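What follows is each chain in one-letter form.
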Amino acid sequence: MNSRLPDDPTQDQAQAMGKAANLIEALPWLSRFHGRTVVVKYGGNAMVSEELRVRFAESIVFLHYAGLRPVVVHGGGPQISAMLDRSGVESTFTAGLRVTTDEAMDIVRMVLTGQVNREIVGLVNQHGPFAVGMSGEDANLLHAERKRVEVDGETVDIGRVGEVSGVNPGAVSALIADGRIPVISSVARADDGGVYNINADTAASALAVALGASKLIMLTDVEGLFADYPANTELISRLNVDELRALLPSLSAGMLPKMEACLTAVEGGVPQSHIIDGRVPHSLLLEVFTDQGVGTMVADEELEAELLAGNGHYPRPWRPAHTSTAAQTGGSR
């Protein structure tokens, strides 16, 4: 006979009730995003740590089982640097971007598509036949033009580094419709028939727009965007488009491309884009399925209102953005 009294729960019962409460908190978010596409940019320390890599794959599979349609876009900066060093190929950076010679591009392509992509696919597919790996080259998914940068007023050629100039999302849409999880490396077709190395943040943003995604989530190596960093370590929980535009000139080189990617996505019709800390296990699930969320969200108020309409819940309250300075370091691609 069970002697435990209903009004005197044990510690195990209390823990079980706490888990049930967490599940109930997720209910409106499950309803809200069921069947919706979420593009996740994966990089930084979350890609290097074995434990975080496993947790990331689990989170992606959870999204899939929860009825969302996740798409993963990844870089692989640390892995590229390591392979270039082992191969004796010199690697330099200009204006925060890797100068990519033809020789270096062969290694970048091999690492991103042949190594990192396969590792992510393998981790996800430990849970079922879900992930399909592909490159931005496949089916001309991503098309790019050569990127040039200005240094001290002069235009500098940094080799086979490109900017996304077009997206053909048909192959990805077909995989999503087939119940698969596309995992895409940030390499793109070039005008000359070759390939370009492209920033995974901008690739994820462009793909989110092309797919009509409901969210863009970028995992990085910081908690989010801070107001007046380092003088003030108050995390900016939310920004609208105008607030973010005002902040962009004051951001550090590491954070700038991430926030520009968020802005581009929202301006392109994605209701919400996020910067979250990939060093926190399952931070992806905390952002999608909890009322409080994590990191920094950039949102279009009208698009977000349409996304959230009819469920009786409201987005996180707006917090003021300080436009004086907001410099901070960002994670590597």
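Higher on the page you've got the structure.
Cut-offs used in this document
- Residues numbered from 1 in each chain as written.
- Predicted model: local features only at pLDDT ≥ 70, side-chain atom pairs only at ≥ 80, totals over all residues.
- Heavy atoms only, no water.
- Helix = DSSP H or I, 4+ residues; strand = E, 2+ residues; numbered from the N terminus.
- Expected span 1.5 Å × (residues − 1).
- Buried < 20%, exposed > 50% of the residue type's maximum accessible area, 1.4 Å probe, protein only.
- Pairing = 2+ DSSP bridges.
- Axes fitted to C-alpha atoms, helices over the stretch in contact; angles between N-to-C directions.
- Contact = heavy atoms within 4.5 Å.
- Parallel < 35°, antiparallel > 145°, perpendicular 65-115°, else oblique.
- Left-handed = near helix turned anticlockwise from the far one by under 90°.
- Nonpolar A, V, L, I, M, F, W, Y, C, P; charged D, E, K, R; others polar.
- Arc of directions from axis to C-beta.
- Polar contact = N/O pair within 3.5 Å; in protein donor to acceptor, adjacent residues only side chain to side chain.

Draft legend 1. Layout of helix α5 (residues 102–124). Between its first and last C-alpha, α5 extends 32 Å over 23 residues, near the 33 Å set by a 1.5 Å rise per residue. Within α5, burial applies to Ala104, Met105, Ile107, Val108, Val111, Leu112, Val116, Asn117, Ile120, Val121, Leu123 and Val124.

Draft legend 2. Fine view of the sheet that holds strand β7 (residues 154–167). Strand order in the closed barrel formed by four strands is β6-β7-β10-β9, with mixed pairing between adjacent strands. Pairwise comparison of adjacent strand axes, ignoring direction, gives a mean angle of 60° for this sheet. Examined bridge by bridge, strand β6 (residues 142–151) and β7 share nine bridges and lie antiparallel to one another. The residue bridging valine 151 from the neighbouring strand is glutamate 154, located in β7. Contacts from α5 reach β7, β9 (187–190) and β10 (195–198), with the element oriented near 70° to β10. Sheet contacts for helix α7 (residues 200–211): β6, β7 and β10; angle to β7, the most-contacted strand, approximately 25°.

Draft legend 3. Summary view of the pairing of strand β2 (residues 69–74). Most of β2 sits inside the fold, with five of its six residues counted as buried. Relative to β2, strand β1 (residues 37–42) runs parallel, the two sharing six bridges. Along β2, the bridge assignment pairs threonine 37 with arginine 69.

Draft legend 4. Here's a closer look at the packing of helix α3 (residues 50–65) against α5. For the pair α3 and α5, the least separation of the axes is 9 Å and the interaxial angle reads 60°. Here α3 lies oblique to α5, going by the angle between them. Considering the relative orientation of α3 and α5, their crossing is right-handed. In contact with Arg53, Val54, Phe56, Ala57 and Val61 of α3, α5 contributes Glu119, Ile120, Leu123 and Val124. Across the contact of α3 with α5, the residue classes break down as seven nonpolar, no polar and two charged.

Draft legend 5. Representation of helix α11 (residues 301–308) in the model. Inspection of α11 places Glu304, Leu307 and Leu308 among the buried residues, and these make up the whole buried set. With its buried residues spanning 85° around the axis, α11 presents them on a single face. Across from the buried face of α11, at angles greater than 90 degrees, the exposed residues are Glu302 and Glu306. If you check the start of α11, you find a side-chain oxygen 3.0 Å away from the backbone N of glutamate 302, and it comes from aspartate 300.

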